[in-house]
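Observations on the model geometry
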Amino acid sequence: MSESGKNDTWTVAGRTFTSRLIVGTGKYKDYAQNAAAAEAAGAEIVTVALRRVNLSDPSQPMLVDYVKPDRFTFLPNTAGCYTGEEAVRTLRLAREAGGWDLVKLEVLSNTAHLLPDMEETLRALKLLISEGFQVMVYCSDDPVYAQKLEDAGAAAIMPAAAPIGSGRGIQNFLNLGLILEQAKVPVLVDAGVGTASDAVLAMEMGCDAVLMNTAIAEARDPILMASAMKHAVISGRQAWLAGRMAKRNYAAPSSPLAGLI
Amino acid sequence: MQLILNGEQREFSGVVTLADLVSQLGLDPRKVAVERNLEIVPRSSYRTTALAGDDRLEIVHFIGGG
């Protein structure tokens, strides 16, 4: 293996990671399955949401008892926020709950497609940066807005492959390619991955990492799919590093023609 | 004392500080974060944060999410 394949790490907001697969912690049967899937995925970062404590039953299981913050870097999200102010309020609480400032910003537009409201996302990003947060930003696959996010100080650009939970894979290879070409911060495909080949394609295009939740959680066997995704991300990354062969219009024999009997 | 806790009006007795409230609710302070009247209360200040009637409190924690 060449040098570029060894010690292949990526860095976001000054933190360096080996795993290029970030997994969500929603939609699992229970927290035990969730933790097992995160382990099988080889993830180092997991996204988490922040919600009111159930005060009527404080003894019910808590995420942190299964998916442990000393094992995984928690990436708190702003899922369910529709304004910059809601996002800032949520992440201030998340910073207090978790004690760190690396966060995932997502400001949604409507509940049907959950695509990001980019105008509000950009405004929220500026608010968060002014409060010292390191922000990984869920965004549309618009290269113009991706550049605006980067210019505003985003720690990572995370375009949706397709709507959250849709499992349809990358819908706009051209735009994703343009975003990858221009970005100087990590680019992650976030949302819309359905199966292993979707993750491979994202990594083969040169994405720094992939973030997914539903593709694993809603698989018939989430633990096995987590393992498949781990290998897919590694496979796509190594193929990108290795540099694929050129495409040709006609065949090129693999066995030499010289010396035929 | 009447408090508005996670959006619900509730009556508490024997609660003076935020630490008292968290303990009376049976919560592990290391696993939650608290907002009082839209201001974050650092975990280190629970004991010194005296509550007042009609305080609006949000007590949150991490749950699964994508």
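Let us look at the structure shown here. A quick note: this is a predicted structure, and the numbers were derived from the prediction, not measured.

**Here we look at the interface of chain A and chain B**
On the chain B side, the residues contacting the 31 residues of chain A number 26 residues. For the pair chain A and chain B, the two sides together bury roughly 2600 Å², of which 62% comes from carbon and sulfur. Its largest share of buried area at the contact with chain B, chain A owes to R52, L55 and E96 of chain A, together 28% of the area lost on that side. Between chain A and chain B we count three salt bridges in total.

**Structural notes on the sheet that holds strand β7 (residues 134-139) of chain A**
Paired through backbone hydrogen bonds, the strands of a sheet run either parallel or antiparallel to each other. Residues and elements named next belong to chain A. Reading across from one edge, β6-β7-β8 is the order of the three strands in this open sheet, with parallel pairing throughout. The sheet is open, and its two borders are formed by β6 (102-105) and β8 (156-159), each paired with just one other strand. This sheet shows a mean twist of 20° between the axes of neighbouring strands, independent of strand direction. With four bridges joining them, β7 and β8 adopt parallel strand pairing. By the bridge assignment, C139 is partnered in β8 with P159. Sitting on the sheet, helix α4 (residues 118-130) is in contact with β6 and β7, with an inclination near 175° to β7.

**Description of helix α1 (residues 31-40) of chain A**
Residues spaced three or four apart along an α-helix face the same direction, because each turn holds 3.6 residues. Across the ten residues of α1 of chain A, seven count as buried, placing the element largely inside the fold. As for α1 of chain A, its buried residues are in contact with β3 (21-23), β4 (45-52), α2 (63-66), α8 (214-217) and α9 (222-242) of chain A together with β5 (56-64) of chain B.

**Some details on the side chain of R237 of chain A**
Residues and elements named next belong to chain A. Within the secondary structure, R237 sits in helix α9. A polar atom in the side chain of R237 sits 2.8 Å from the side chain of D8. Beyond its immediate stretch of four places on either side in the chain, R237 contacts D8, R20, M203 and C207.

**Focus: the pattern of salt bridges**
Opposite charge on two side chains permits them to pair, given that their charged atoms come into close proximity. All names here are of chain A. Considering all chains together, one arrives at 16 salt bridges over all chains under this definition. Of the charged contacts in the structure, one is a salt bridge between E131 and R92, with a shortest N-O distance of 2.5 Å. Of the two residues, E131 is situated in the loop between α4 and β7 and R92 in helix α3 (residues 84-98); the sequence distance between them amounts to 39 residues. For R92, a relative accessible area of 33% puts it in the partly exposed group. Put simply, K104 and E106 hold a salt bridge, and the shortest N to O gap is 3.5 Å. Of the two residues examined, K104 and E106, each falls in the buried class.

**A short note on the packing of aromatic side chains**
By the definition in use, this model includes five aromatic pairs over all chains. Taking the centre distance of 5.6 Å and the plane angle of 75° together, the rings of F74 of chain A and F62 of chain B count as edge-to-face. In this pair, F74 of chain A sits in strand β5 (residues 73-76) while F62 of chain B sits in strand β5, so the two residues belong to two different chains. Considering the side-chain rings of W100 of chain A and F62 of chain B, the 6.3 Å spacing of their centres and the 25° angle between planes classify their relative orientation as stacked. Remark: F62 of chain B occurs in strand β5 and W100 of chain A occurs in the loop between α3 and β6; the pair is interchain, linking two chains. Judged by its relative accessible area of 6%, F62 of chain B falls in the buried class. Geometry around F72 of chain A places R71 of chain A over its ring, the cationic atom sitting 4.4 Å from the centre.

**What to know about the nonpolar core**
In a soluble, globular protein the nonpolar side chains are often hidden away together inside. Ranked by internal contacts, the top residues of the largest apolar core, which has 87 residues, are F74, L105, L149 and M212 of chain A together with L18, L21 and I59 of chain B. It is α3 of chain A that provides the largest number of residues to this core, a total of six residues. Ignoring anything within four residues of it in the chain, the contact list for L149 of chain A reads M118, T121, L122, L125, V137, C139, A154 and I157 of chain A. Core analysis: the next-biggest nonpolar cluster, separate from the first, contains 14 residues, V12, I45, L75 and L188 of chain A among them.

**Considering the state of the cysteines**
Residues and elements named next belong to chain A. Enumeration over the complete set of coordinates arrives at zero disulfides over all chains. C139 takes part in no disulfide bond, and the closest cysteine sulfur, belonging to C207, lies 11 Å away. Taking relative accessible area as the criterion, C139 reaches 0% and is therefore assigned buried. Look at C207 and you get buried, because its relative accessible area is 0%.

Reading guide: rules and limits
Residues numbered from 1 in each chain as written. Chains lettered and ligands numbered in written order. Predicted model: local features only at pLDDT ≥ 70, side-chain atom pairs only at ≥ 80, totals over all residues. Heavy atoms only, no water. Contact = heavy atoms within 4.5 Å. Buried area = accessible area lost by both parts, 1.4 Å probe. Salt bridge = Lys/Arg side-chain N within 4 Å of Asp/Glu carboxyl O. Pairing = 2+ DSSP bridges. Helix = DSSP H or I, 4+ residues; strand = E, 2+ residues; numbered from the N terminus. Axes fitted to C-alpha atoms, helices over the stretch in contact; angles between N-to-C directions. Buried < 20%, exposed > 50% of the residue type's maximum accessible area, 1.4 Å probe, protein only. Polar contact = N/O pair within 3.5 Å; in protein donor to acceptor, adjacent residues only side chain to side chain. Phe/Tyr/Trp six-rings, centres within 6.5 Å; stacked < 30°, edge-to-face > 60°. Lys NZ or Arg CZ within 6 Å of the ring centre and 35° of its normal. Core = buried A, V, L, I, M, F, W, Y, C linked by side-chain atoms within 4.5 Å. Disulfide = S-S within 2.5 Å.

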